[in-house]
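Next come the chains, spelled out residue by residue.
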Amino acid sequence: MPRTSPIVLLPLVVLAGLAGLFLGGIYREDPDALPSALLGRDAPVPDVVPLGNLAIIGPDELTSGSVTLVNFWASWCAPCRVEHPQLMRLKRDGFAILGINYKDDPQKARRFLDELGNPFKAVGADPRGRNAIEWGVYGVPETFVVDGRGKVVSRFAGPVTEQILERRIRPAVETALTR
């Protein structure tokens, strides 16, 4: 029986490997989720500048013993406007939300909050996007759930809709509370 050259088999092996990777991506639990290297790790300490006279994020905000949401947002971001009613709802429900204003004009950011309401316990500006890089933000809006010890429990990229609030954010908060 003639032997097949290993060079002939190489394309078949590569094709089989790629097919396996694609199938693994299709059948994972949430194919739309963007992975985060921060899950289960200490959240970066926000290094932000004040946004007007709003309460600024302190260095110990994420290790205060309470579950905290960290929301990256901008006034120029249309999905941020879409999610804003859900953030206001979370505030009314007693959730602590820290807002990090991403690469925005400070006056426009303040007008955004004046117009729609301020859901944030504290807020800071990230004018160069350095905080976003440290948190692994792909784009605004993005929301992180951080337990009371400062560990990242969950990350959601995109606007927090009512469905996302009930299916992703609240369960992540419950997980953080039981830690």
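Scroll up to find the structure this text is about.
This write-up is about the structure you can find in this document.

Parameters at a glance
- Every chain is numbered on its own, with residues counted from 1 as its sequence reads.
- Side-chain atom pairs in this predicted model are given and counted only at pLDDT of 80 or more, local residue features only at pLDDT of at least 70, and totals for whole chains, interfaces and linings cover all residues.
- Computation of side-chain values: all heavy atoms of the structure, hydrogens and water removed.
- Starting at the N terminus, helices and strands are each numbered in turn, a helix being any DSSP run of H or I of at least four residues and a strand any DSSP run of E of at least two.
- Cysteine sulfur atoms that pair up within 2.5 Å are treated as a disulfide.
- Accessible area is worked out with a 1.4 Å probe on protein chains only. A residue is then buried under 20% of its type maximum, exposed over 50%, and partly exposed in between.
- For this analysis, residues touch if any pair of their heavy atoms sits within 4.5 Å.
- When DSSP finds two or more bridges between two strands, those strands count as paired.
- As a rule, the C-alpha atoms of each element are fitted with a line to give its axis, helices using only the stretch in contact, and angles between N-to-C directions run from 0 to 180 degrees.
- Side-chain rings of Phe, Tyr and Trp (the six-membered ring for Trp) are treated as a pair once their centres are within 6.5 Å; stacked means planes under 30 degrees apart, edge-to-face means over 60, and tilted covers the remaining angles.
- Only buried Ala, Val, Leu, Ile, Met, Phe, Trp, Tyr and Cys residues count toward a nonpolar core, and they belong to the same one when joined by side-chain atoms within 4.5 Å.
- Here a polar contact is taken to be a pair of N or O atoms separated by no more than 3.5 Å, where protein atoms must pair a possible hydrogen donor with a possible acceptor and residues adjacent in sequence count only if both atoms sit in side chains.
- One less than the residue count of a helix, multiplied by 1.5 Å, gives the span that helix is expected to have.

A few words on unusual backbone geometry. Going from valine 140 to proline 141, the amide bond is cis rather than trans, its omega being -5°. Along the chain, the position of proline 141 falls in the loop between α4 (130-135) and β4 (142-146).

Take the state of the cysteines next. In this structure the tally under the stated criterion is 1 disulfide. Note that cysteine 77 is cross-linked by a disulfide to cysteine 80, the S-S spacing being 2.4 Å. One disulfide, between cysteine 77 and cysteine 80, carries an S-S torsion of 85° and so falls in the right-handed class. Per residue, the accessibility class of cysteine 77 equals that of cysteine 80, and both read buried.

Among the secondary structure elements, histidine 84 is positioned in helix α2 (residues 78-92). Assessed through its relative accessible area of 3%, histidine 84 is described here as buried. Setting aside its immediate chain neighbours within four residues, histidine 84 contacts Phe112, Leu113, Leu116, Gly117 and Pro119.

Let us look at the sheet that holds strand β3 (residues 122-126). The strand order β3-β2-β1-β4-β5 describes an open sheet built from 5 strands, whose pairing is mixed. The open sheet terminates on both sides in strands that have one partner only, identified here as β3 and β5 (152-157). Taken pair by pair, the neighbouring strands of this sheet meet at an average axis angle of 15°, ignoring direction. With 5 bridges connecting them, strand β2 (residues 96-102) and β3 associate as parallel partners. Directly across from isoleucine 100, in β3, lies its bridge partner glycine 124. Its contacts with the sheet put helix α5 (residues 162-177) on β1 (68-73), β4 and β5, and the angle it makes with β5 is roughly 165°.

Any pair of aromatic rings gets described here by the distance separating the centres and the angle formed by the planes. Within this structure, the stated rule accounts for 6 aromatic pairs. Consider the rings of phenylalanine 72 and phenylalanine 144, whose centres lie 6.1 Å apart with planes at 70°: the pair is edge-to-face. Pair noted here: phenylalanine 72 is in strand β1 and phenylalanine 144 is in strand β4, with a separation of 72 residues, a long-range link. Per residue, the accessibility class of phenylalanine 72 equals that of phenylalanine 144, and both read buried. Geometrically, the ring pair formed by tryptophan 76 and tyrosine 102 is tilted, given 6.4 Å between the ring centres and 55° between the ring planes.

Here we come to the nonpolar core. Among the nonpolar cores identified, the biggest contains 45 residues, and Val70, Phe72, Trp73, Trp135, Phe144, Val145 and Ile169 are the most heavily contacted of them. Looking at which element gives the most residues to this core, the answer is α5, with 6 residues. Aside from chain neighbours lying at most four places away, what touches valine 70 is Leu62, Leu98, Ile100, Trp135, Glu142, Thr143, Phe144 and Val146.

Relative to the helices and strands, asparagine 101 resides in strand β2. At 3.0 Å, the side chain of asparagine 101 forms a polar contact with the side chain of aspartate 104. Excluding its chain neighbours within four sequence positions, the residues that come into contact with asparagine 101 are Leu51, Trp73, Ala74, Ser75, Ala109, Gly124, Ala125 and Asp126.

Summarising burial for β5: 5 of the 6 residues are buried, a large majority. In this sheet, β5 lies alongside β4 in antiparallel orientation, the contact comprising 5 bridges. Residue pairing for β5: glutamate 142 is matched across the bridge by alanine 157. The loop that links β4 with its antiparallel partner β5 comprises 5 residues; one of these, glycine 150, has a positive phi angle of about 90°.

Before going further, it helps to examine α5. Compared with an ideal rise of 1.5 Å per residue, which puts 16 residues at 22 Å, α5 spans 21 Å between its outermost C-alpha atoms and is within 8% of the ideal. When we look at burial in α5, the residues that qualify are Ile164, Leu165, Ile169, Ala172, Val173 and Ala176. On its buried face, α5 is in contact with β1, α2, β4 and β5.

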